[in-house]
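# Chains, contacts and geometry: an overview
Here is what each chain is made of, one letter per residue.
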Amino acid sequence: MQQRIPVLTIDGPTASGKGTVAQLVAHELGFHYLDSGALYRLTALSAMRSGTELDNEAGLVRLAQRLPCTFVGEKVLLAGDDVSQAIRAEEVGNNASKIAALPPVRQALVELQLGFRTAPGLVADGRDMGTVIFPDAPLKVFLTASVERRAERRYKQLIDKGFPANMHDLSNDLRERDARDMNRSSAPLKPAEGAHLLDTSEMTVEQAVHQVLSWYAAV
C-alpha cells in the first residue's frame, strides 16, 4: 500500500534551494515534507552534544538509530528541544556532510526516511532521495545552481538568522562539500535515472516551484 503513495524527490547540492522549493511544492500539493538533510544534521548535533567523535562509526550509528526527532510545521525538535536554528550552523552542516559519507550511518537512517511516505503524498529533498531512498518516485528532480549563487544564498540565509558568515569561506566550504558528496562510496550525489535537471542560478523561487509543479502535473 505504501508504494502507491506518490513521492516527489528533489535532490541537489548544499544551498541549491531544494529545501525551499520542496517545502513550497509540498504546500501547494497538500503533501508531507521530508528534509532528509535535517536527519544528518540532527545526528551531527547529537554527536556534538554527546561528545561522540566523528570517527566513532558505532557510536554515530547508535545515535542515528535512536534519533528522537520530530518535525512540527517548520520546527525541528530533538528530544523535545527546538533545534531548528542550531542545526543550520555551519559547523553542524560540515559535520553532517562528513558523517553522511559513512555507509553504516546512512543505512541506520534509511528506515526512518521511508517512514515519512504517508498519504496523501510526500515531497522529499536531499542528496539520494531519487537514487536510493525512493527510486520508484513518479517525479525526480535534480536541482542545482552555480557555486557563486549558492554561496550568495547561503550567506544571506546565515546573516538573516544571526550567524556570522564569510563569502570566501562559504564558497570554499561548498566546493569541499560538493566534492565529498559526489565522491563518497555510499549513495554519491548525482541525478537519479530519469530525473529532470533544474538549474536555478538565474531563477526565482516562484519560477522553480512552478516548473516542478508543471512536471508533476504532466506525470
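The structure reproduced in this document is the subject of the present report. The structure displayed is predicted, hence computed values, not measured ones. (Residues numbered from 1 in each chain as written. Predicted model: local features only at pLDDT ≥ 70, side-chain atom pairs only at ≥ 80, totals over all residues. Heavy atoms only, no water.)

### Describing the packing of aromatic side chains
Evaluation of the coordinates by the stated rule reveals two aromatic pairs. Look at Phe31 and Tyr216: their rings are 6.1 Å apart centre to centre, the planes differ by 85°, and that puts the pair in the edge-to-face class. Residue Phe31 is found in the loop between α1 (18–29) and β2 (32–35), and its partner Tyr216 is found in helix α9 (residues 205–217); the two are separated by 185 residues along the sequence. For Phe31, a relative accessible area of 15% corresponds to the buried category. (Phe/Tyr/Trp six-rings, centres within 6.5 Å; stacked < 30°, edge-to-face > 60°. Helix = DSSP H or I, 4+ residues; strand = E, 2+ residues; numbered from the N terminus. Buried < 20%, exposed > 50% of the residue type's maximum accessible area, 1.4 Å probe, protein only.)

### Digging into the sheet that holds β2
Across the sheet, which stays open at both edges, the five strands sit in the order β2-β6-β1-β7-β8 with parallel pairing between neighbours. Pairing within the sheet leaves two strands with one partner each, and these edge strands are β2 and β8 (196–199). Each adjacent strand pair in this sheet contributes to an overall mean axis angle of 20°, direction not counted. Sheet analysis places strand β7 (residues 139–144) next to β8, joined by four bridges and oriented parallel. Its bridge partner lying in β8, Phe142 is registered against Leu197. (Pairing = 2+ DSSP bridges. Axes fitted to C-alpha atoms, helices over the stretch in contact; angles between N-to-C directions.)

### Describing the nonpolar core
Counting 34 residues, the largest nonpolar core has Leu34, Leu42, Val83, Ile87, Val105, Leu109 and Phe134 as its most contacted members. Top contributing element to this core by residue count: helix α2 (residues 36–50), with seven residues. What Leu34 contacts, discounting residues up to four positions off in sequence, is Leu39, Gln113, Phe116, Leu122, Val123, Ala124, Asp125, Met129 and Phe134. Membership of the second largest hydrophobic core comes to 16 residues, among which are Leu8, Val141, Val209 and Val212. (Core = buried A, V, L, I, M, F, W, Y, C linked by side-chain atoms within 4.5 Å. Contact = heavy atoms within 4.5 Å.)

### Brief notes about the sheet that holds strand β3 (residues 69–72)
Pairing is antiparallel in the open sheet, where three strands are placed in the order β3-β4-β5. Single-partner strands in this sheet number two, and they are β3 and β5 (81–82). In this structure, strand β4 (residues 75–78) lies alongside β5, joined through two bridges in antiparallel fashion. Counted as the bridge partner of Leu77 is Asp82 from β5.

### Topic: helix α5 (residues 103–114)
Three or four residues apart is the spacing at which side chains of an α-helix point the same way, because the helix has 3.6 residues per turn. Taking 1.5 Å of rise per residue, the 12 residues of α5 would be expected to cover 16 Å, and the 17 Å separating its terminal C-alpha atoms lies within 8% of that figure. Regarding α5, the residues found buried are Val105, Arg106, Ala108, Leu109, Val110 and Gln113. Those residues of α5 hidden inside the fold are in contact with β2, α2, α3 (57–65), α4 (90–99) and α6 (129–133). (Expected span 1.5 Å × (residues − 1).)

### Brief notes about the pattern of salt bridges
For side chains bearing opposite charge, pairing can occur when the charged atoms are close. The full count for this structure, using the stated rule, is 13 salt bridges. Across the pair Arg106 and Asp128 runs a salt bridge, and its minimum N-O distance is 2.7 Å. Linking Arg106 in helix α5 with Asp128 in the loop between β6 (122–126) and α6, this pair joins segments that are 22 residues apart in sequence. Across the salt bridge formed by Asp181 and Arg184, the nearest N and O atoms sit 3.4 Å from each other. For the pair formed by Asp181 and Arg184, the shared burial category is buried. Among the ionic contacts, a cluster of salt bridges with common partners joins Glu90, Arg154 and Arg177. (Salt bridge = Lys/Arg side-chain N within 4 Å of Asp/Glu carboxyl O.)

### Details of the packing of α2 against α5
Each pair of packed helices gets described by two things: the angle between the helix axes and the distance between those axes. With their axes 11 Å apart at the nearest point, α2 and α5 run at an angle of 130° to one another. Looking at the two axes, α2 sits oblique to α5. Crossing geometry of α2 relative to α5 is assigned as right-handed. Where α2 abuts α5, its residues Ser36, Leu39, Tyr40 and Thr43 lie against Arg106, Leu109, Leu112 and Gln113. Taken together, the residues of the contact of α2 with α5 sort by class into four nonpolar, three polar and one charged. (Parallel < 35°, antiparallel > 145°, perpendicular 65-115°, else oblique. Left-handed = near helix turned anticlockwise from the far one by under 90°. Nonpolar A, V, L, I, M, F, W, Y, C, P; charged D, E, K, R; others polar.)

### Concerning α9
The terminal C-alpha atoms of α9 lie 18 Å apart, and with 13 residues this matches the ideal 18 Å at 1.5 Å per residue to within 8%. Every buried residue of α9 is accounted for by Ala208, Val209, Val212 and Trp215. Looking straight down α9, one finds that the buried residues subtend no more than 125° of arc, so they occupy a single side. Facing away from the buried side of α9, by more than 90 degrees, are the exposed residues Glu206, His210 and Ala217. Those residues of α9 that are buried lie in contact with β1 (7–11), α1, β7 and β8. (Arc of directions from axis to C-beta.)

So, to be careful, I would describe these as geometric facts and stop short of saying anything about function.
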